[in-house]
Amino acid sequence: MVDPALAVSVFAAFDEMPVGVVIVRYPASGPSRSIYANRAAARLFEATVDEVLAAAARRLVAPSDRDRLVAMHDVWRRGGTLDDVIETEIVTFRGARVPIGVRSAEGVIGADRMR
């Protein structure tokens, strides 16, 4: 089990990072949702951290790329693998499209997977 004090320290370090960090939880059933976003991610999305967390995870990706990413994550949820870096586009809360490279790692909380 992870020490809660260590987890708080890690997230505090994430808050100070100049690159955007968003953690998405993929429950064994049901929709995925963002459970953490740092200030740099909020700036990238031209939003507040609360707005990023309240948005459906799919909303953060450009509509033209959603089907591709959903298909990739469906394979991953069934036990497949994902590339460590995925090139995609996001849509900011003001409507601008921004190309990004998503670097991801996997984690688990109970039966739920995270990336």
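Located above this text is the structure these notes cover.
Let me begin by describing the structure that accompanies this report.

**Re the pattern of salt bridges**
Now for step 1: Evaluated as defined, the whole model comprises three salt bridges.
Now for step 2: When the shortest N-O distance is used, the salt bridge between Arg68 and Asp65 registers 2.6 Å. Taken together, the residues span about one helical turn, with Arg68 and Asp65 both in helix H4 (residues 63-77) at a distance of three residues.
Now for step 3: Glu89 is the partner of Arg97 in a salt bridge, and the nearest nitrogen-oxygen pair spans 3.1 Å.
Now for step 4: Note on Arg97: relative accessible area 44%, which makes it partly exposed.

**Side note on the side chain of Asp65**
Now for step 1: For Asp65, a relative accessible area of 11% translates into the label buried.
Now for step 2: Beyond its immediate sequence surroundings of up to four residues, Asp65 is in contact with Glu87, Thr88 and Glu89.

**A word on the packing of aromatic side chains**
Now for step 1: Throughout the structure, instances matching the rule amount to three aromatic pairs.
Now for step 2: With a centroid separation of 5.7 Å and 90° between ring planes, the pair formed by Phe11 and Phe14 is classed as edge-to-face. Of this pair, Phe11 and Phe14 both sit in helix H1 (residues 4-16), three residues apart, roughly one helical turn.
Now for step 3: By relative accessible area, Phe11 is classed as partly exposed at 33%.
Now for step 4: Ring geometry for Phe11 against Tyr36: centres 4.7 Å apart, planes inclined by 50°, an arrangement best described as tilted. Of this pair, Phe11 sits in helix H1 while Tyr36 sits in strand E2 (residues 33-37), and the two are 25 residues apart along the sequence.
Now for step 5: An aromatic cluster of three or more residues is present, and its members are Phe11, Phe14 and Tyr36.
Now for step 6: The ring of Phe93 carries the charged tip of Arg59 above its face, separated from the ring centre by 4.1 Å.

**Examining the side chain of Ser34**
Now for step 1: Note on placement: Ser34 falls in strand E2.
Now for step 2: Ser34 has contacts with Val22, Ile23, Val24, Val52, Leu53, Ala57 and Leu60, leaving out every residue within four places of it along the chain.

**Quick look at unusual backbone geometry**
Now for step 1: Unusually for a residue other than glycine, Glu46 sits at a positive phi of about 55°.
Now for step 2: The exposure class assigned to Glu46 is partly exposed, which follows from its relative accessible area of 34%.

**Some details on the environment of Val85**
Now for step 1: Take Val85: it is sitting in strand E3 (residues 85-91).
Now for step 2: Put simply, Val85 and Gly101 are 16 residues apart on the chain and 6.2 Å apart in space, counted from C-alpha to C-alpha.
Now for step 3: Apart from the residues within four sequence positions on either side, Val85 is in contact with Val102 and Arg103.

So, how was this worked out
- Residues numbered from 1 in each chain as written.
- Predicted model: local features only at pLDDT ≥ 70, side-chain atom pairs only at ≥ 80, totals over all residues.
- Heavy atoms only, no water.
- Salt bridge = Lys/Arg side-chain N within 4 Å of Asp/Glu carboxyl O.
- Helix = DSSP H or I, 4+ residues; strand = E, 2+ residues; numbered from the N terminus.
- Buried < 20%, exposed > 50% of the residue type's maximum accessible area, 1.4 Å probe, protein only.
- Contact = heavy atoms within 4.5 Å.
- Phe/Tyr/Trp six-rings, centres within 6.5 Å; stacked < 30°, edge-to-face > 60°.
- Lys NZ or Arg CZ within 6 Å of the ring centre and 35° of its normal.

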